[in-house]
Amino acid sequence: MLRELLKNINGLVFFKRVVRAYSQISLNYMADCISYIRYSSSISFENDITKLEGRICVFYHALEKGLSLANPRKGFGQEKAKELIKFTLKYVSMDDYNESLVKTVLGVLDEYFKFNKDSINDNLYELYTLHLLKAIKHKPSSSSGTNFAEKSKLTFSDYEKFSTSRRSVRKYLSTQIERCEIEECINLAKYTPSVCNRQPWKAYIYQGQENVQNVLKFQHGNKGFCDNLSSLILVTSDRTKFWHALERNQAFIDGGMYSMSIVNALHAKGLGSCCLNLSLTAFAEKKLKKELCIPNSEVPIMMIAVANYEDGAVVAASERMPLKMFLGN
């Protein structure tokens, strides 16, 4: 009798878990789906300046990637060049367009047409010379198109020491950090690779204990070491830069890589950091965005605590698994 009762109780508990898992996970996935469709450029992009920037990056990167191949085919990418010119003409007709992006496009197209001299459709060349160059007064960027890679002068041993010395620090000094120091680290992180060079990330800097604590209330896992924290970074990634179902998770990939670059830059500057998990339900994410005035199109990736710390501060040892645990084959 007792055994039957326990079996029934266990069955009810299991059923409750199944219902809860399916309902909670399904609802949050549905919210993510609606948000991605609504804010990505999957359906329309022509009249949204940020979405248009994403398209422009994809097409100019396709051309510069083609130019960087070992043996580029003469006349390659003409349809992409045509679309790029049309997108750019639309882009410069908008207010507050990014001059740097336009200069990059011009630099790529300049090298593209030089490489494809005598191999390009006349109509395409006219679209470039008579329409785009006539409409834009900026000079091409000298750092776009292709360049020459230099092998790193940093030894593997030096990099190993740098990487293995980085730790999540949770014991901070009260000395303030200048905002410009954090901005230097964020600026260096822009060299993080991103899909088609779209650079969808944003970094929000919060300083002052009151501001920082107001932001930290959305993160669960900072108890006991962030009470007096006075500098914090919130990393997001913008969905407007993506389209297609296959890119539905790309914001998290690019945003995560960017976050790691910021953390490494902070370490190189001698600042302590700690990555703070920001896995949120759709409801909590909406609340965070509303209170912190973050656009709905952006996905919160993580928070990063930033502070000065004493050399030799106590940190979690965090032993890593052996190599064989990470090798998939």
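For the structure, check the block above.
Quick summary incoming for the structure in this document. Within any chain, residue numbers begin from 1 and follow the written order of that chain's sequence. The model is predicted, so local features are restricted to residues of pLDDT at least 70 and side-chain atom pairs to those at 80 or more, both for listing and for counting; the totals for chains, interfaces and linings are taken over all residues. Think of the side-chain values as coming from all heavy atoms in the structure, minus any hydrogens and water.

## Considering the sheet that holds strand β4 (residues 298–307)
Sheet strands line up and pair through hydrogen bonds in the backbone, either parallel or antiparallel. Short version of the rule: The pairing criterion for strands is at least two bridges between them, as found by DSSP. A run of DSSP states H or I qualifies as a helix once it reaches four residues; a run of E qualifies as a strand once it reaches two. Both are numbered from the N-terminal end. In this description, a line fitted to the C-alpha atoms serves as the axis of each element, helices being fitted only across the stretch in contact, and the angle between N-to-C directions of two axes falls anywhere from 0 to 180 degrees.
Ordered in space as β1-β2-β4-β3, the four strands form an open sheet in which the pairing is antiparallel. This sheet does not close on itself; its edge strands, each paired only once, are β1 (201–207) and β3 (272–277). With direction set aside, neighbouring strand axes in the sheet form an average angle of 25°. As judged from the seven bridges shared by β1 and strand β2 (residues 231–238), these two strands associate in the antiparallel manner. Residue pairing across strands places W201 opposite S237, the latter belonging to β2.

## A closer look at the nonpolar core
Short version of the rule: By convention a nonpolar core is built from buried Ala, Val, Leu, Ile, Met, Phe, Trp, Tyr and Cys residues, the set being connected through side-chain atoms within 4.5 Å. Only protein chains enter the area calculation, which uses a 1.4 Å probe; residues under 20% of their type maximum are buried, those over 50% are exposed, and those in between are partly exposed. We call two residues in contact when some of their heavy atoms are within 4.5 Å.
Counting residues in each nonpolar core, the largest one holds 32 residues, and the members touching the most others are I56 and L109. Mapped by element, the contributors of at least two residues to this core are α2 (49–67), α3 (78–92), α4 (99–115) and α5 (122–135). Those residues within four positions of L109 in sequence are excluded, and the remaining contacts are L63, L84, I85, Y128 and L132.

## What to know about the environment of L234
Its location among the elements puts L234 in strand β2. Residue contacts for L234: discarding those within four places in its chain leaves K202, A203, Y204, Y206, L278, L288, L292, I294, M302 and M303.

## Topic: the layout of surface pockets
Our working definition: Every definition here rests on a 1 Å grid over the protein atoms only: cavities are sets of points where a 1.4 Å probe fits but cannot get out, pockets are open sets enclosed by protein on both sides within 12 Å along at least five of seven lines, and lining residues have some atom within 4 Å of a point. Grid points are joined across faces, edges and corners, and a volume is the space filled by probe spheres set on the points. When residues are grouped by polarity, Ala, Val, Leu, Ile, Met, Phe, Trp, Tyr, Cys and Pro land in nonpolar, Asp, Glu, Lys and Arg in charged, and all others, Gly among them, in polar.
Here the largest pocket defines a volume of roughly 1200 Å³. Every residue lining the largest pocket is counted, 36 residues in all, and those nearest its centre are Y60, T104, K190, N197 and Q199. Where the lining of the largest pocket is concerned, the elements lending two or more residues are α2, α4, α7 (179–188) and β1. The greatest single-element share of the lining of the largest pocket, amounting to six residues, is contributed by α2. Among the residues forming the lining of the largest pocket, the class breakdown is twelve nonpolar, 15 polar and nine charged. The calculated volume of the second largest pocket comes to roughly 510 Å³. Around the second largest pocket, the lining is made up of 22 residues, and of these Y29, D32, R239, N249 and F252 lie nearest the centre. At the level of secondary structure, the elements contributing two or more residues to the lining of the second largest pocket comprise α1 (2–39), α9 (250–268), α10 (282–292) and β4.

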